[in-house]
Amino acid sequence: MAPYPELYKQAREVIARNKVDVVVEQGDLGNGLTRALEVTEANNIDIVISRGGTASLLRKHLNRIVIEIPVTGYDLLRAIYPHFVAGKRIAVVGYQNIIYGVQSIAAILNADLGIFTVTQSSVMEEVIADVLKWGAEVIVGDAVSTALGKGKGVTVELIKSGEEAIENAIQNAIQVHDQIIEKIATLKRMNSIFEHSQNGIIYIDSAGEIKQLNEGALVCLKISADQLLHKKVGESCLPDAIKRILGRKGGANDGAVVKLGTETVYVKTIGIDVGKRNEETIVFIHDTGKIQKLEAQIRKELSEKGLQAHYSFETMITGDPINKVTINKAKQYSLTDSTVLLLGETGTGKEFFAQSIHNHSARKNGPFVAVNCAALPDTLLESELFGYIEGAFTGANKGGRKGLFELAHLGTIFLDEINEMNTNLQARFLRVLQEKEIMRIGDNKVISIDVRVIAATNKDLYREVQNGRFRSDLYYRIKVLDIEILPLRKRPLDIYPLFQNFIHYYAEKHGYSMPAHTEEQFVESLARYSWPGNIRELKNFSEKFVILSSGGSPPKGLIEELLANEREERIDAPGELQASANMPLEEKELEYIRAVMLDANYNISHASRILGISRGTLRRKLNSKV
């Protein structure tokens with residue numbers, strides 16, 4: 001909006017030269033505002049460029065951004081100097097933004113300049129009258145003041161802007177326009193995030209007034225927008241618990257769990273600081289029910305990717321009556337959520353039972369996490385089980401890490417060789433069983449978990465308690481539903497069916513035909529060996545047998561040779577009866593009975609079932625051997 005014709009002409013030339021999209025109109029204090037309103041509405045214009053009093057008027061009354069073409073000291077000097085040299089009495093008239101700097105010029109020139117500042121267009125004629133009374137011979141000013149001075153017997157000199165000032169103003173306007181577009185785009189993005197967030201969000205300005213909220217907040221709080229919008233926090237219908245959180249000093253907090261009627265939400269506030277002042281606050285409201293469902297879904301997906309149990313009771317191979325009783329007991333235990341303790345020698349299939357219990361339980365769709373407590377150092381085992389936060393210790397992963405208890409949420413965790421836990425870790429584990437909560441290493445917040453625990457040991461835990469290596473309170477806490485898994489030597493009827501299954505598996509794996517053999521020969525040979533490594537040893541033995549048979553008939557005496565090698569490799573091996581060939585039969589029987597009693601935890605009924613004799617007969621044999 002050019003206040004005078006020459007500026008209009010200059011602006012058009014600059015715009016044509018720079019090839020920018022700018023509408024040029026002419027208008028001064030008299031008609032500039034009216035013209036500006038018409039043009040900006042018709043052309044959807046956001047920014048107006050003008051000068052002097054016209055710029056001041058537009059900025060005051062036009063609802064647009066106004067960029068001013070500045071009047072420089074050089075522009076003033078260029079208008080004043082010729083008249084100063086001629087010795088004329090000069091009055092400088094105009095708005096402050098036009099004649100700013102004229103006093104410095106007067107001082108430099110040592111000139112007696114009349115300086116008349118205009119504050120509004122309605123008093124311009126009065127100002128010109130004052131100028132004439134002052135005795136001005138020359139009026140230097142803007143378009144309006146010089147127009148009014150014409151015909152008054154004085155010389156008028158318009159303060160003109162140079163092309164450089166016009167170019168700078170246009171470039172400033174373009175930059176402001178680009179910034180506005182970017183700000184609008186940012187606001188649209190933020191509003192889109194704001195509205196589509198599943199969490200509740202409330203924005204509160206520096207005066208404590210609720211300025212914006214999303215649908216998620218209304219759903220969480222079960223309240224209407226009218227009850228909150230444009231109200232001060234203290235006067236609003238926000239729940240008192242949230243008001244108390246907002247009343248805390250400091251912009252941000254670590255969050256708090258808040259009970260809203262029957263629902264529970266997690267509330268966190270973030271203060272946006274400017275300098276040392278807290279200007280605004282954003283409140284985030286999380287529906288804990290949705291969080292738990294999301295966690296369950298994530299954990300289910302993790303389960304599908306590897307944290308799952310592969311074995312089930314249906315795939316168990318057994319022909320032994322006592323083992324069938326054990327399996328039925330395990331099935332009954334699987335229907336509860338109580339802790340299960342599996343007792344058995346190495347290689348008896350404790351993890352097979354653990355996975356089967358999980359797959360037979362209501363948690364079968366949840367994760368199954370297995371960890372061998374003997375395989376990891378104490379510190380590493382603790383971080384694996386409980387997880388840690390970032391910076392908890394040297395080498396901790398950025399962002400921290402979830403522990404296995406968290407990964408097993410809504411599922412089962414199997415802790416093998418639990419007797420290898422140190423006593424400090426046993427104490428932490430006991431708290432997990434009692435409180436159903438864990439705390440990551442380095443953190444001060446507890447995390448609720450829903451996990452079924454299955455523990456296993458190949459040692460006599462009660463003896464470990466007596467020797468001070470295992471906490472008695474933990475022992476009685478995990479020995480709720482205990483299952484003893486018998487070694488192979490106690491269930492000889494299982495040996496050949498398992499062997500048959502393994503040689504089928506390994507023949508297919510290695511691409512061989514099934515080795516030809518007679519069942520009677522193998523049953524007798526296999527049953528004579530005590531299998532101290534139990535099912536694991538039998539499995540390894542079966543693979544060796546398949547490979548050495550090479551898919552045909554096994555060489556004569558192969559199985560006896562392999563069993564002889566097994567015996568030589570395990571001289572003095574733990575768990576095997578050390579009965580010498582020349583040991584009297586009575587001593588062999590006593591050694592066997594003692595081993596059975598040890599495995600049965602000295603339970604007469606259980607031991608008698610294993611031995612296949614009555615409790616009375618067992619007592620007599622024990623008494624006669626004392």
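Model, not experiment: these values are computed from the prediction.

Asker: Provide a residue-level description of the overall build of the protein chain, including the pertinent values.
Answerer: Along the backbone of the protein chain there are 26 helices and 20 strands. Looking at the protein chain residue by residue over its 626 residues, the buried ones come to 42%. In the protein chain, 61% of the contacts between residues at least 6 apart in sequence involve partners at least 24 apart.

Asker: Quick rundown of empty space enclosed by the protein? Include the residues and the values.
Answerer: On inspection of all chains with the given rule, the structure shows one cavity of 30 Å³ or more. Considered as a void within the structure, the largest cavity measures approximately 60 Å³ in volume. Along its surface, the largest cavity is lined by Pro3, Asp28, Leu29, Arg51, Gly52, Gly53, Thr54, Ile98, Asp142, Ala143 and Val144. Element by element, the count of residues in the lining of the largest cavity is highest for helix H3 (residues 52-61), at three residues. Each residue belonging to the lining of the largest cavity can be placed in one class, and the counts come to five nonpolar, three polar and three charged.

Asker: Describe unusual backbone geometry, with residues and values.
Answerer: The backbone of Asn110 shows a phi angle near 55 degrees, a positive value even though the residue is not glycine. Within the element layout of this structure, Asn110 appears in the loop between helix H6 (102-109) and strand S4 (114-118). For Asn110, a relative accessible area of 70% corresponds to the exposed category. In this model, His230 sits at a positive phi of 60 degrees, which is unusual for a non-glycine residue. Tracing the chain through its elements places His230 in the loop between helix H10 (215-221) and helix H11 (240-246). Residue His230 is classed as exposed on the basis of its relative accessible area, which comes to 54%.

Asker: Talk me through the packing of aromatic side chains; I want residue IDs and the actual numbers.
Answerer: Under the defined criterion, the tally for this structure stands at 14 aromatic pairs. On the basis of an interplanar angle of 75 degrees and a centroid distance of 6.1 Å, the ring pair of Phe116 and Trp134 is categorised as edge-to-face. A residue pair is termed long-range when its members are at least 10 positions apart, and Phe116 in strand S4 and Trp134 in helix H7 (residues 124-134) qualify at 18 residues. By relative accessible area, Trp134 is classed as partly exposed at 24%.

Cut-offs and rules
- Residues numbered from 1 in each chain as written.
- Predicted model: local features only at pLDDT ≥ 70, side-chain atom pairs only at ≥ 80, totals over all residues.
- Heavy atoms only, no water.
- Helix = DSSP H or I, 4+ residues; strand = E, 2+ residues; numbered from the N terminus.
- Buried < 20%, exposed > 50% of the residue type's maximum accessible area, 1.4 Å probe, protein only.
- Contact = heavy atoms within 4.5 Å.
- 1 Å grid on protein atoms, 1.4 Å probe; cavity = no way out; pocket = protein on both sides within 12 Å on 5 of 7 lines; lining within 4 Å.
- Points joined across faces, edges and corners; volume = space filled by probe spheres on them.
- Nonpolar A, V, L, I, M, F, W, Y, C, P; charged D, E, K, R; others polar.
- Phe/Tyr/Trp six-rings, centres within 6.5 Å; stacked < 30°, edge-to-face > 60°.

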